[in-house]
4 protein chains.
Amino acid sequence: MAGSRYAYVRTFELPDTLLPGTFIVVRLDGHAFHRFSDEHAFAKPNDERALQLMDLAARSVMQEYRDVVLAFGESDEFSFLLRRSTALYNRREAKILTTIVSLFTSSYVLNWPDYFPETRLKYAPSFDGRIVLYPSAKEVKDYFAWRQADTHINNMYNTVFWALVQQGGQSTKEAHETLRGTVSSQKHELLFSKFGVNYNTLPDRFRKGSVFVREEIVLLHCDIIGDAFWSERPYVLEEI
Amino acid sequence: MAGSRYAYVRTFELPDTLLPGTFIVVRLDGHAFHRFSDEHAFAKPNDERALQLMDLAARSVMQEYRDVVLAFGESDEFSFLLRRSTALYNRREAKILTTIVSLFTSSYVLNWPDYFPETRLKYAPSFDGRIVLYPSAKEVKDYFAWRQADTHINNMYNTVFWALVQQGGQSTKEAHETLRGTVSSQKHELLFSKFGVNYNTLPDRFRKGSVFVREEIVLLHCDIIGDAFWSERPYVLEEI
Amino acid sequence: MAGSRYAYVRTFELPDTLLPGTFIVVRLDGHAFHRFSDEHAFAKPNDERALQLMDLAARSVMQEYRDVVLAFGESDEFSFLLRRSTALYNRREAKILTTIVSLFTSSYVLNWPDYFPETRLKYAPSFDGRIVLYPSAKEVKDYFAWRQADTHINNMYNTVFWALVQQGGQSTKEAHETLRGTVSSQKHELLFSKFGVNYNTLPDRFRKGSVFVREEIVLLHCDIIGDAFWSERPYVLEEI
Amino acid sequence: MAGSRYAYVRTFELPDTLLPGTFIVVRLDGHAFHRFSDEHAFAKPNDERALQLMDLAARSVMQEYRDVVLAFGESDEFSFLLRRSTALYNRREAKILTTIVSLFTSSYVLNWPDYFPETRLKYAPSFDGRIVLYPSAKEVKDYFAWRQADTHINNMYNTVFWALVQQGGQSTKEAHETLRGTVSSQKHELLFSKFGVNYNTLPDRFRKGSVFVREEIVLLHCDIIGDAFWSERPYVLEEI
């Protein structure tokens, strides 16, 4: 066959099987989304349309890949949990990683016009991704707790920050200065006393991020740091 | 800090540095594009619009990532060569792989309407990808020769096959039967005698695939199997 | 510094950290020990001195590496279990693997004269090794059960086989023929009826292999397939 | 089969094929040899018997593994170069690494009495090892140049240091103090003026380390930093 004398180059394709018996987490992040959100005039501190579009893209990943049992998103990132026993693509790392990142990207771009009908995409947005393995259920819970705690911390900061800028008339530099060294309770207080905003009444989507679980792929904005979420859904981490 | 007791989960993110001093090839393929091309009524054996859209997506990758010095595409796949000395993302495998696959996907979807103005995307197309390392220039040349030889073999087969079906009135089963065991010269002859088509006059794009090289990212449909292409462009494989 | 212009070659030394939170098993095997046991006239089917020397070498590994909590040996192989939370050499794979294989080898050769006082080593014996990761306690138990079941199967076969040859006067070819297709109960019966040997009274060392556990590094020849062994020693698999 | 329900644990043994087309370097180092050399009263700054024993162990590796084409040793370390095209153990990393480290260790211990007839081994010495891949001949040359430059630097320092201590009556602390910040020419001068020693007349073994090359496995103590060594032996780095 004509191509056969070159076919030896395939021997350089080395196997990349992921360790069996481990939970697989795929986390993707918007690539240079600081600039992207500026160029497309995202609302601050949270752009609900942009978050909904992220949710939609994540939902399409869960619909396509039945072994994704949980997803969590915030801002421009999403994490997908594959069941421990998954044999998707024989657990080949690059194949799992790229198909999920690619489908997410594709769905994001395809559905953009529905969420931003008046803003054309100026250029093609992209996402990077990585795979992390976790051997036990405890680590998986802590992983998602870590992401949700991050959501909380960032959103709290950003909410006060943008209130200071947008309503308080501070420059961004001044606003950072005002917030330096403040703890959570002080930010709560500042938000309430200065701007009449009770942080706890802000939308769950902003404060808790987005949680997808099977079956039926339900979208929630609930607490996944505590044990209640997990003990009500033992199937998510069960070792089938 | 609130999230700090979960932060240990980051220690499960292991380094994935690619061996220095090697050429990096990123190859991506359309995911389930057989179905995708049917659902979107791609012309057979080659859909020029679809190929041009692939080329455009590849061009956007080369524009964004300056260390991609060569790209070759055919059908629903594209291969990108990064210069041997690239320090892109500190040669982290997942980062390089996902950003390129994601940007390609994004550009493909974003620009679809320009190439298929009358065909809406029915669903989000996606691509998978992998990275292969090659230690020497010889292997890189043979890699691309392997892909271009594949282009030739497939296109030759598909051209005769679809002529038999579309003009010759054979069923697809009969057409496969007709072609079983034929060598290249017989296919040439069959195409010419039965359908008056001189294979060598078909568009270069179909017969040779698409080649992008820096600088200025030129699109060619030329021979990359022989040495001439490489010796005229020593900078592509040079060890900077 | 004189060497500094060459020091870049160190960048080719890539990290090889083992996934945290997993049990590490190091298994080593005698390299070409079929020939080695022939050349040094090991008794068949089991050479007690050779097995004791293996045990001694394994004991020296456990004495040196405190994170090895369990070891199992049979014939010319030994498996070492490192505790799940071990930070030995920062979990660097090559370092852990080579130091254990090297120390085992060294101890084997150093102590050879005590076990084979009348047989000089004709050449240097060596061992190969590998590391396998297991995410959960169940898999670790099954790993060791797999090795002990192997011990049982091999020893049963070899015991009957060598009885047929040494006492029964069969050639090795005839003995294999005699045993072809026999199940465990038939081998028991054959051994008892023809040679008056009750398999179950053979030494535990031959039938069950060698088990080392911390603390105090106790040598046992007991059953590790059932749960009793593990439930009496919860500390072996505990997740510290 | 009795063991079959446990056999799934083998699926956790993942492939570890080394990239084809690359030079493989195995480097091993004495494990805690500072203490080992003290306990066994090695002569300072160089113990010729200990170096000869290292050489012997390296020679046994080259005799056993025909694809090792070059070896370089100094002090308690040795590096082995496998030919680029080697298919030894199908290029499985752990197998290649452990068999070489184990055989080296075994040979070292086995032959100890011939080199130290009056010093019994107090305990089992061991070595750790790692594998590094190099894509091109240039990097291989620079790797070995790096090791030989290291030999030179260390030996120069140690020679003057121990002269200051052994003949000069300085404490080790004082000797380090004396040498702090000195460059090569100053050490030469100090050695000559104070102790009448011309560094360049010291044995090649101490100043240049030990080089083994095929065929016939010749032991040399020659210069491998320059090009002469390599151009006289093109077969060492040839790409068969």
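The name that an unreviewed UniProt entry assigns to chain A is tRNAHis guanylyltransferase, with the source organism given as Auriscalpium vulgare.

Chemist: Tell me about the relation of the copies chain C and chain A, and please be specific about residues and values.
Modeler: When chain C is fitted onto chain A, the two copies agree to an RMSD of 0.0 Å after a turn of 180 degrees and an axial shift of 0.0 Å. The transformation relating the two chain copies, once decomposed into turn and shift, fits a two-fold axis. For chain C, the residue whose C-alpha comes nearest the rotation axis is P135(C), separated from it by 2.4 Å. The residues that chain C uses at the interface reappear at the interface of chain A in 100% of cases, marking a shared surface.

Chemist: Go over the interface of chain A and chain B with me, naming the residues and quoting the values.
Modeler: On the chain B side, the residues contacting the 50 residues of chain A number 50 residues. Roughly 4100 Å² of surface becomes buried between chain A and chain B when both sides are summed, with 66% attributable to carbon and sulfur atoms. The largest share of the area that chain A buries against chain B comes from Y6(A), F12(A) and W146(A), three residues that together contribute 15% of it. Joining chain A to chain B, the criterion identifies six salt bridges. R130(A) is paired through a salt bridge with E13(B); the nearest N and O atoms lie 3.4 Å apart. At the junction of chain A with chain B, the criterion picks out 23 residue pairs in polar contact (both at pLDDT 80 or more). Looking at the side of chain A that touches chain B, the elements that each hand over two or more residues are α3 (93-115), β4 (127-134) and α4 (137-166) of chain A. Top element by residues in the side of chain A that touches chain B is α3(A). It accounts for 13 residues. Partitioned by chemical class, the residues of the side of chain A that touches chain B number 30 nonpolar, ten polar and ten charged.

Chemist: Which residues make up the relation of the copies chain A and chain B, and what are the values?
Modeler: Of the transformation superimposing chain A on chain B, the axial component is 0.0 Å and the angular component is 180 degrees, with the fit at an RMSD of 0.0 Å. Mapped onto chain B, 100% of the interface residues of chain A again fall at the interface, so both copies present the same surface.

Chemist: Quick rundown of the sheet that holds strand β2 (residues 68-74) of chain D? Include the residues and the values.
Modeler: Residues and elements named next belong to chain D. The strand order β4-β1-β3-β2-β5-β6 describes an open sheet built from six strands, whose pairing is antiparallel. The open sheet has two edge strands with one neighbour each: β4 (127-134) and β6 (218-220). Each adjacent strand pair in this sheet contributes to an overall mean axis angle of 15 degrees, direction not counted. Looking at chain direction, β2 and strand β5 (residues 210-213) are connected through four bridges and run antiparallel. In the sheet register, F72 faces β5, and the bridge partner there is V211. Its contacts with the sheet put helix α4 (residues 137-166) on β1 (23-30), β2, β3 (77-82) and β4, and the angle it makes with β2 is roughly 20 degrees.

Chemist: So what's going on with the sheet that holds strand β3 (residues 77-82) of chain C? Which residues, and what values?
Modeler: Residue and element names in this part refer to chain C. Taken in spatial order, the six strands make up an open sheet running β4-β1-β3-β2-β5-β6, and their pairing is antiparallel. With partners counted over all chains shown, the strands left at the sheet margins are β4 (127-134) and β6 (218-220), one partner each. With direction set aside, neighbouring strand axes in the sheet form an average angle of 15 degrees. Strand direction decides the pairing type here: strand β5 (residues 210-213) and β6, joined by three bridges, are antiparallel. If you follow V211 over to β6, its bridge partner there is L220. Packed onto the sheet, helix α3 (residues 93-115) meets β1 (23-30), β2 (68-74), β3 and β4 and runs at close to 140 degrees relative to β4.

Chemist: Summarise the pattern of salt bridges; cite the residues concerned and give the values.
Modeler: Residues and elements named next belong to chain C. Across all of its chains, the model carries 80 salt bridges over all chains by this definition. One salt bridge connects K141 with D227, and the closest N-O pair in it is separated by 3.9 Å. Highlighted residues: K141 in helix α4 (residues 137-166) and D227 in the loop between β6 and α8 (228-231), separated in sequence by 86 residues. A residue is classified by how much of its surface remains accessible, and K141, at 27% relative accessible area, is partly exposed.

Chemist: Which residues make up helix α6 (residues 184-195) of chain D, and what values go with them?
Modeler: Residue and element names in this part refer to chain D. With twelve residues, α6 extends 16 Å from end C-alpha to end C-alpha; this agrees with the ideal 16 Å at 1.5 Å per step. Within α6, burial applies to K187, L190, L191 and F195. An end-on view of α6 places all buried positions within 95 degrees of arc, on one side of the element. Packing partners of the buried residues in α6 comprise α4 and α5 (172-179). G196 lies just past α6 and shows a positive phi near 65 degrees.

About the cut-offs
- Residues numbered from 1 in each chain as written.
- Chains lettered and ligands numbered in written order.
- Predicted model: local features only at pLDDT ≥ 70, side-chain atom pairs only at ≥ 80, totals over all residues.
- Heavy atoms only, no water.
- Least-squares fit on C-alpha atoms with pLDDT ≥ 70 in both.
- Contact = heavy atoms within 4.5 Å.
- Buried area = accessible area lost by both parts, 1.4 Å probe.
- Salt bridge = Lys/Arg side-chain N within 4 Å of Asp/Glu carboxyl O.
- Polar contact = N/O pair within 3.5 Å; in protein donor to acceptor, adjacent residues only side chain to side chain.
- Helix = DSSP H or I, 4+ residues; strand = E, 2+ residues; numbered from the N terminus.
- Nonpolar A, V, L, I, M, F, W, Y, C, P; charged D, E, K, R; others polar.
- Pairing = 2+ DSSP bridges.
- Axes fitted to C-alpha atoms, helices over the stretch in contact; angles between N-to-C directions.
- Buried < 20%, exposed > 50% of the residue type's maximum accessible area, 1.4 Å probe, protein only.
- Expected span 1.5 Å × (residues − 1).
- Arc of directions from axis to C-beta.

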